[in-house]
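Here is what each chain is made of, one letter per residue.
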Amino acid sequence: MKHYVINIWTLFLLLNIVRPISLAAQSGSEAIPYGNNKNAGNFIAVNGIKLYYEIYGEGAPLVLIHGNGGNIAYMKPQIEYFSKNYKVIVVDCRGRGKSELGKDSLTYMQMTKDIISLLNSLHLDSTYVIGRSDGGIIALLMAINYPDKVKKVSAFGANLTPDTTALFPIFYKQVIQDRKQADEMIAKNDTSQNCYLIQQRNRLMEFQPQISTSDLHKIKCPVLILSCDRDLIPEEHTLFIYRNIPKANLCIFTGENHFVTKNNPVLFNSAVAKYFSEPFKGEELRHGD
C-alpha cells in the first residue's frame, strides 16, 4: 500500500482556496496564467540551478516572494494589485513552480542568494520587497545581508527560529511528522510523490531559520512586520521581531489567518501599499526626548 504525505500546508490550502477558485470561475474572465506566462516569464542560471521568474508592470522595482508551499501563481492577488504602480518581479523559489531544486539541501540563505543574483542580472538596486511566510524570512535576510538591494520590506508571517517559541506547537509537530514520513517513503523508494522535495521543504522549517537579535539590529531600511491573530506564528514572536528592528512598524490583522494574502487581498495589499507610499513613522516614539 502506498502512503501519501499530506502535510499541514495541503490541509490549510484545501480549507482556504475553494471559495476563491469558485469565484474566479464564476467571473468568466480570461485569467493570466501566472507562473506559466510565456509573455512575462524567463529562466536564469543562478547558483547551480535554473530559476524561473516573471515580470509585470512598470515603475519602481518590487520583489514578491511566496511561502513554503506556494509559487508564483499563489501571489496572483499581489501581482495584479502592485503591477499597476510597480515593476513586479515574482520568483518561483527553488523546487517550487518551474525552478529547479538543485542538489544541495534547501536553505533560506540559498534562496536569498538566488534572488540577489537575479536582481544583479537585472541591474536592480533598492527594491521594495514583499514576502509571505517563508518569503518573509527571505525578505528579512535580504535586508540583513544585502542592504543596498532593499528600500522597504513588508514581511508577513515570518519567524526567526525553528521551535515552539516561534511556531505554534501543533504546527511544528506536524512539520516534523511530515518530514519523518517523507524520510520513510524515500527509504522505500516510493515514487508516488516527489518525496525528496517534501522532505527538503519540511526540513527547512524544522531546522531553520536561525536569525539572531543582532541580525535584526543590522537592518537599516523601514520594515513592516505583519501577522494576524490566527496565524501560525505566536503573537509574542511577531512582537519580538518588530521590537528588534530599528525602523519597524507593526500590523496585526484581526480575524485573519496565515492565508490572508489570498483570502483577503484587499486588506493585505492596501496596508502594504500605504506603507510603501508613505515616509517611515516611528522614530519619534522610540528615540524622541
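Residues numbered from 1 in each chain as written. Predicted model: local features only at pLDDT ≥ 70, side-chain atom pairs only at ≥ 80, totals over all residues. Heavy atoms only, no water.

(A) Local environment of the packing of helix H4 (residues 108–121) against helix H5 (residues 134–145). Where H4 contacts H5, the two axes come as close as 9 Å, and the packing angle between them is 65°. Classified by the angle their axes make, H4 and H5 are roughly perpendicular. Viewed along their axes, H4 and H5 form a crossing whose handedness is right-handed. Within the contact between the two elements, H4 uses Tyr108, Met109, Met111, Thr112, Ile115, Ile116 and Leu119 and H5 uses Asp134, Ile137, Ile138, Leu141, Met142 and Asn145. In terms of residue class, the contact of H4 with H5 is made up of 10 nonpolar, two polar and one charged. (Axes fitted to C-alpha atoms, helices over the stretch in contact; angles between N-to-C directions. Helix = DSSP H or I, 4+ residues; strand = E, 2+ residues; numbered from the N terminus. Parallel < 35°, antiparallel > 145°, perpendicular 65-115°, else oblique. Left-handed = near helix turned anticlockwise from the far one by under 90°. Contact = heavy atoms within 4.5 Å. Nonpolar A, V, L, I, M, F, W, Y, C, P; charged D, E, K, R; others polar.)

(B) Region of interest: the state of the cysteines. Evaluation of the coordinates by the stated rule reveals zero disulfides. With no disulfide of its own, Cys228 lies closest to Cys251 among cysteine sulfurs, the gap being 9.7 Å. A residue is classified by how much of its surface remains accessible, and Cys228, at 1% relative accessible area, is buried. For Cys251, a relative accessible area of 16% translates into the label buried. (Disulfide = S-S within 2.5 Å. Buried < 20%, exposed > 50% of the residue type's maximum accessible area, 1.4 Å probe, protein only.)

(C) Up close: the nonpolar core. Counting residues in hydrophobic clusters, the biggest one holds 51 residues, and the most contacted among them are Leu140, Met142, Val153, Ile219 and Ile245. For this core, the element with the highest residue contribution is H5, accounting for eight residues. Look past the residues within four positions of Val153 in its chain and what remains in contact with it is Val129, Ala139, Ala143, Cys221, Pro222, Val223, Leu224, Tyr275 and Phe276. By size, the runner-up hydrophobic cluster in this structure holds 30 residues, among which are Phe82, Val88, Ile130 and Tyr275. (Core = buried A, V, L, I, M, F, W, Y, C linked by side-chain atoms within 4.5 Å.)

(D) Layout of the side chain of Lys149. With respect to the secondary-structure elements, Lys149 resides in the loop between H5 and strand S6 (150–156). For Lys149, a relative accessible area of 6% gives the class buried. At 2.6 Å, the side chain of Lys149 forms a polar contact with the side chain of Asp125. With sequence-adjacent residues up to four places away left out, Lys149 is seen in contact with Ile116, Leu119, Asn120, Leu124, Asp125, Ser126 and Thr127. (Polar contact = N/O pair within 3.5 Å; in protein donor to acceptor, adjacent residues only side chain to side chain.)

(E) Just the sheet that holds S6, in detail. With respect to topology, eight strands assemble into an open sheet ordered S1-S2-S4-S3-S5-S6-S7-S8, the strand pairing being mixed. Bordering the open sheet on either side are strand S1 (41–46) and strand S8 (248–257), each of which pairs with just one other strand. Strand-to-strand twist in this sheet, taken as the mean axis angle between neighbours without regard to direction, amounts to 20°. The sheet contact formed by strand S3 (residues 60–65) and strand S4 (residues 86–92) spans six bridges and is parallel. Bridge assignment links Val63 to a residue of S4, and that residue is Ile89. Those strands touched by helix H9 (residues 235–243) are strand S7 (223–230) and S8, and its axis lies near 160° from that of S8. (Pairing = 2+ DSSP bridges.)

(F) Focus on the pairing of S6. When you tally the buried positions in S6, you get six out of seven residues, the bulk of the element. Examined bridge by bridge, strand S5 (residues 127–132) and S6 share six bridges and lie parallel to one another. In the sheet register, Val129 faces S6, and the bridge partner there is Val153. Once you follow S5 into H5 and on to S6, the crossover reads as right-handed. (Right-handed = clockwise from strand over helix to strand, strands pointing away.)

(G) The packing of helix H6 (residues 169–187) against helix H7 (residues 195–207), seen in detail. Packing of H6 against H7 brings their axes to within 8 Å, and their N-to-C directions diverge by 150°. Regarding H6 and H7, the two cross each other, and that crossing is left-handed. In contact with Phe171, Tyr172, Val175, Ile176, Asp178, Arg179, Ala182, Asp183, Met185 and Ile186 of H6, H7 contributes Cys195, Tyr196, Ile198, Gln199, Asn202, Arg203, Met205 and Glu206. A per-class count over the contact of H6 with H7 returns 11 nonpolar, two polar and five charged.

(H) Just the packing of aromatic side chains, in detail. Evaluated as defined, the whole model comprises nine aromatic pairs. Ring plane angle 55° and centroid distance 6.3 Å describe the contact between Phe253 and Phe268, whose orientation is recorded as tilted. With Phe253 in strand S8 and Phe268 in helix H11 (residues 265–277), this pair connects stretches of sequence that are 15 residues apart. A single burial state applies to Phe253 and to Phe268, both of which are buried. An aromatic cluster is built from Tyr81, Phe82, Tyr86, Tyr128 and Phe276, whose rings are joined through pairwise contacts. (Phe/Tyr/Trp six-rings, centres within 6.5 Å; stacked < 30°, edge-to-face > 60°.)

(I) Molecular detail of the confidence of the model for the protein chain. Of the residues in the protein chain, 88% reach a pLDDT of 70 or more, and the chain-wide mean stands at 91. Counting contacts from residues 1–6, a segment whose pLDDT is below 50, to residues more than four positions away or on other chains yields 19 contacts. Segment residues 8–29 is flagged for pLDDT under 50; beyond a separation of four residues in sequence, or across chains, it makes 21 contacts in the model. (pLDDT = per-residue confidence, 0-100.)

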